[in-house]
Amino acid sequence: MFKIIVNINVTINSMKPLHPTVTLNQLSAEDQKFLYALVENGGPEPHEYKELTAIINNLEDSELEYFRDAIKESLNENTLIGHGYVKPFGYPGDFTLIHNIYRIYVNPDEKYSNWDKFFQDQAGAHAVRNRKDYFLRRCAEVEKLDGEEKRILILGSGPATDVNEYLNNNPDSKIKFDLVDFDQNAINFAKEQNGEFNESIEYFKINVLRFKPYQWYNLIWSAGLFDYFKDKHFVYMISKYYKYLTDGGEFIIGNFSHSNPTRRLMEVLSDWYLVHRSKYDLVRMALEADAKEEQVEVDMEELGVNLFLRIKAA
Ligand SMILES: C[S@@+](CC[C@H](N)C(=O)[O-])C[C@H]1O[C@@H](n2cnc3c(N)ncnc32)[C@H](O)[C@@H]1O
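Below, the structure is looked at part by part. (Residues numbered from 1 in each chain as written. Predicted model: local features only at pLDDT ≥ 70, side-chain atom pairs only at ≥ 80, totals over all residues.)

Considering helix α13 (residues 263–270)
Inference 1: Here α13 lies mainly inside the structure; 6 of its 8 residues are buried.
Inference 2: Taken residue by residue, α13 has Arg263, Leu265, Met266, Val268, Leu269 and Ser270 as its buried positions.
Inference 3: Packed against the buried residues of α13 are α4 (49–57), α5 (64–70), α6 (80–86) and α9 (123–143).
Inference 4: After α13 finishes, the residue Asp271 shows a positive phi value of roughly 55°. (Buried ≥ 20, exposed ≤ 12 C-beta atoms within 10 Å, placed from the backbone. Helix = DSSP H or I, 4+ residues; strand = E, 2+ residues; numbered from the N terminus. Contact = placed C-beta atoms within 7 Å.)

Here is the structure:
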């Protein structure tokens, strides 16, 4: 009898330190209620964006599981955030998600549409659309160059919705596009939506780390790819491709900046982690890859969320 009582006490005492930890990791009852109501309503209404964003930005990593559990009925392929979380193609930022950001897609089903409107309203989504417009302006500059044939190489081409928009707007374009992507599904999608532009586009299904160009380009463009690379791969990629620029050609690399207000939201809602970089980081890596200071500059789109490292041919 005595022994049993002692054992019970030991058990209770040994559980004590664990208990506060578990409670601390859970969401407050108020936040849970708020999140359940959002799920009921197909996502947040505009007047709720501020409160939801504040909850997301203040979440500790140890609370992520509770947060995702609270909205689990929305975290599936019917929403853009859920698509990011489920990753049907095995990686975040796949061609369908990027294509849907470009076309500002919102699921018409009321059970989900507010989530998509919220996502499309994020600075990160606007920055992706702005970078497409930035790309279109660079293509227009290439088009104006002297000479009969102009070439653009795109590394990590995804849905090629940007190319599609350019060629649709410029049916007489003299530009030939070479698109490299290692995802066969992305290539298939890009091919299908660009079927009428077969003459202007060639596709290469291969890892960009292994692709070997056989010609020179007026522009080498990459957006939404280098933000996944560690610095050493970033530098390697500059050295590898830089030599395939024509005289006067340019290598332009997009990368999300530290001032991405959507960063925590992408991480929390979609488990989507990027290497955010500063202008200084980008210039430093270009110089490490042996570019000269006068060849390098950094642009940004209107929001300053997406930076563009520009390296001119020597
Ligand atoms: C976020 S998407 C960007 C698509 C496109 N550049 C755009 O901005 O619309 C990134 C694409 O890069 C491709 N990708 C990622 N790593 C790659 C690699 N090592 N080699 C080739 N493609 C890669 C993915 O398959 C995906 O289609």
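What about the site of the ligand?
Inference 1: The environment of the ligand is formed by 18 residues, the closest being Gly93, Gly156, Gly158, Asp183 and Gly224.
Inference 2: Put simply, the parts of the chain that give the shell around the ligand at least two residues each are α7 (95–102) and β2 (175–181). (Near = placed C-beta within 6 Å.)

Description of the sheet that holds strand β1 (residues 150–155)
Inference 1: Taking strand neighbours across the sheet as the criterion, the 7 strands line up as β3-β2-β1-β4-β5-β7-β6 in an open arrangement whose pairing is mixed. Bordering the open sheet on either side are β3 (201–205) and β6 (296–300), each of which pairs with just one other strand. Each neighbouring strand pair of the sheet contributes to a mean axis angle of 20°, computed without reference to strand direction.
Inference 2: Across 7 bridges, the pairing between strand β5 (residues 245–256) and strand β7 (residues 306–312) is antiparallel. Each bridged residue has a counterpart across the sheet, and for Phe256 the counterpart in β7 is Asn306.
Inference 3: Sheet strands touched by helix α11 (residues 184–193): β2 and β3. Its angle to β3, the strand with the most contacts, is close to 165°.
Inference 4: Its contacts with the sheet put helix α12 (residues 231–242) on β4 (217–222), β5 and β7, and the angle it makes with β5 is roughly 160°. (Pairing = 2+ DSSP bridges. Axes fitted to C-alpha atoms, helices over the stretch in contact; angles between N-to-C directions.)

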